[in-house]
Amino acid sequence: LQLESDLRRATERKEFTLAYQPIVRLEDGTVAGFEALLRWDHPRRGSIPPSDFIPVAESCGLIVQLGLFAMQRAAEDLANWQKQIGDAPLSVSVNLSSRQLIRRDLVSDVRSVIARANLKPRCFRLELTESLVMDNPEQTNHVLSKLKQLGIGLSLDDFGTGYSSLAYLTRFPFDTIKIDKSFVDDTTPKRAVLLKSMVSMAHELGLSVVAEGVADENDALELRQMGCEYVQSYMFGAPIPGDQVLRMLKEQY
Ligand code: G
Ligand code: G
Ligand code: MN
Ligand code: NA
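Residues numbered from 1 in each chain as written. Chains lettered and ligands numbered in written order. Predicted model: local features only at pLDDT ≥ 70, side-chain atom pairs only at ≥ 80, totals over all residues.

For the protein, the name recorded in an unreviewed UniProt entry is EAL domain-containing protein, with Mesorhizobium marinum as its organism.

Following this line, the structure appears as structure tokens:
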């Protein structure tokens, strides 16, 4: 497979797009924002999922370019949607890779992405996985503090999968945790205990909570009773192309 050269060509041919998955308020079902997810629309092979190309892009370094594209496009798209529905309180989240985090220009890149889109910093979020953070805690914390100073939001993704404590992670300037789908899917009796503890500890530490992969009404009700603010799952909205987002938002605003 010549995936790496394919990736480079695809970048030049602008075959990458973003899909947007809604992040929904459990309280009333309204959309609070979107997670931007890269898609590769291959002319012959069709839509190639990120799991097939992100690892390659990371190992060959192309993720830096792709990641910058994702931030720029997501910021522009959100600014346009907000313009058309009157400055609604919406945010857009973009995933960050370790390759981007170790680059000196990340903070200035993010600053100019927000400025060029004329977006309020608090409407722009970055998601970092727990394992990425734990890879190099000091360096990560240094960069995250600078990003936080820009006024953007920071979400801790895949929370609970990385063998670290939430107390430890509050040394980092995250404002939100995203509880990994595996906890929501758990069928053992420990499930409710774990979810409840994660939500209440997050709240006591001043963090908001997104539950991922909520698949039925009972789960949603249970999480809502625990005080979990947000959900992101197929049941509440699959990732959709950017040109369908406005239609969705216009039903709400
Ligand atoms: O959409 P899908 O469920 O296939 O996404 C799989 C994974 O790909 C996500 O969990 C996410 O972490 C990763 N991913 C999607 N878009 C991006 C991106 O722009 N940058 C990085 N680094 N990862 C992404
Ligand atoms: O970055 P992160 O890994 O959190 O990205 C979210 C991933 O989870 C995306 O790849 C998205 O397509 C996927 N996802 C979102 N909602 C659901 C869901 O309800 N079920 C499953 N199996 N996957 C989901
Ligand atoms: Mn994510
Ligand atoms: Na996740």
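Anyway, onward from the coordinates.
A. Focus on the overall build of the protein. Helices and strands together make up the secondary structure of the protein, namely 12 helices and 10 strands. Over its C-alpha atoms the protein spans a radius of gyration of 18 Å, differing by no more than 12% from the 18 Å that the globule rule assigns to 253 residues. Taken along its principal axes, the extent of the C-alpha atoms in the protein is 50 × 45 × 40 Å. Burial analysis of the protein (253 residues in total) assigns 37% to the buried set. (Helix = DSSP H or I, 4+ residues; strand = E, 2+ residues; numbered from the N terminus. Rg over C-alpha atoms; globule rule 2.2 N^0.38 Å. Buried ≥ 20, exposed ≤ 12 C-beta atoms within 10 Å, placed from the backbone.)

B. Summary view of the nonpolar core. Ala74, Ala75, Val92, Val209, Ala211 and Val231 are the most contacted members of the largest nonpolar core, which has 67 residues in total. Residues in contact with valine 231, not counting those within four places in the same chain, are Val24, Leu26, Val210, Ala211, Val214, Ala220, Leu223 and Phe236. (Core = buried A, V, L, I, M, F, W, Y, C linked by C-beta atoms within 7 Å. Contact = placed C-beta atoms within 7 Å.)

C. Quick look at the site of ligand 1. The local shell around ligand 1 holds 13 residues, among which Leu38, Pro50, Ala70, Asn95 and Ser97 are the closest. Every element with two or more residues in the shell around ligand 1 is listed here: strand E2 (31-42), helix H2 (50-60), helix H3 (63-85) and strand E4 (91-95). For the shell around ligand 1, a count of residues per class yields 9 nonpolar, 4 polar and no charged. (Near = placed C-beta within 6 Å. Nonpolar A, V, L, I, M, F, W, Y, C, P; charged D, E, K, R; others polar.)

D. Structural detail: the site of ligand 2. As a matter of local geometry, ligand 2 sits amid Gln21, Leu37, Asn95, Asp157, Glu212, Gly213, Ala215, Gln232, Ser233, Tyr234 and Pro239. When the residues that make up the shell around ligand 2 are grouped by side-chain class, the tally is 4 nonpolar, 5 polar and 2 charged.

E. Local environment of H3. Here H3 spans 32 Å end to end across 23 residues, near enough to the 33 Å set by a 1.5 Å rise per residue. Once H3 finishes, glycine 86 follows within two positions and takes phi at roughly 75 degrees, a positive value. (Expected span 1.5 Å × (residues − 1).)

F. Structural detail: the packing of helix H5 (residues 106-117) against helix H7 (residues 137-149). Where H5 meets H7, the closest approach of the two axes is 10 Å, and the angle between their N-to-C directions is 20 degrees. By the angle between their directions, the pair H5 and H7 is classed as roughly parallel. As for the relative orientation of H5 and H7, their crossing is right-handed in sense. On H7, the residues touching Leu106, Val107 and Val110 of H5 are Val143, Lys146 and Leu147. Looking at side-chain class alone, the contact of H5 with H7 contains 5 nonpolar, no polar and 1 charged residues. (Axes fitted to C-alpha atoms, helices over the stretch in contact; angles between N-to-C directions. Parallel < 35°, antiparallel > 145°, perpendicular 65-115°, else oblique. Left-handed = near helix turned anticlockwise from the far one by under 90°.)

G. Main features of unusual backbone geometry. Look at aspartate 87: it is not a glycine, yet its phi comes out positive at around 55 degrees. Residue placement: aspartate 87 occurs in the loop between H3 and E4. For aspartate 87, a count of 10 C-beta atoms within 10 Å gives the class exposed. Unlike most non-glycine residues, aspartate 158 shows phi in positive territory, near 55 degrees. For aspartate 158, the position within the fold is in strand E6 (residues 153-159). Of the residues examined, aspartate 158 has 19 C-beta atoms within 10 Å and is grouped as partly exposed.

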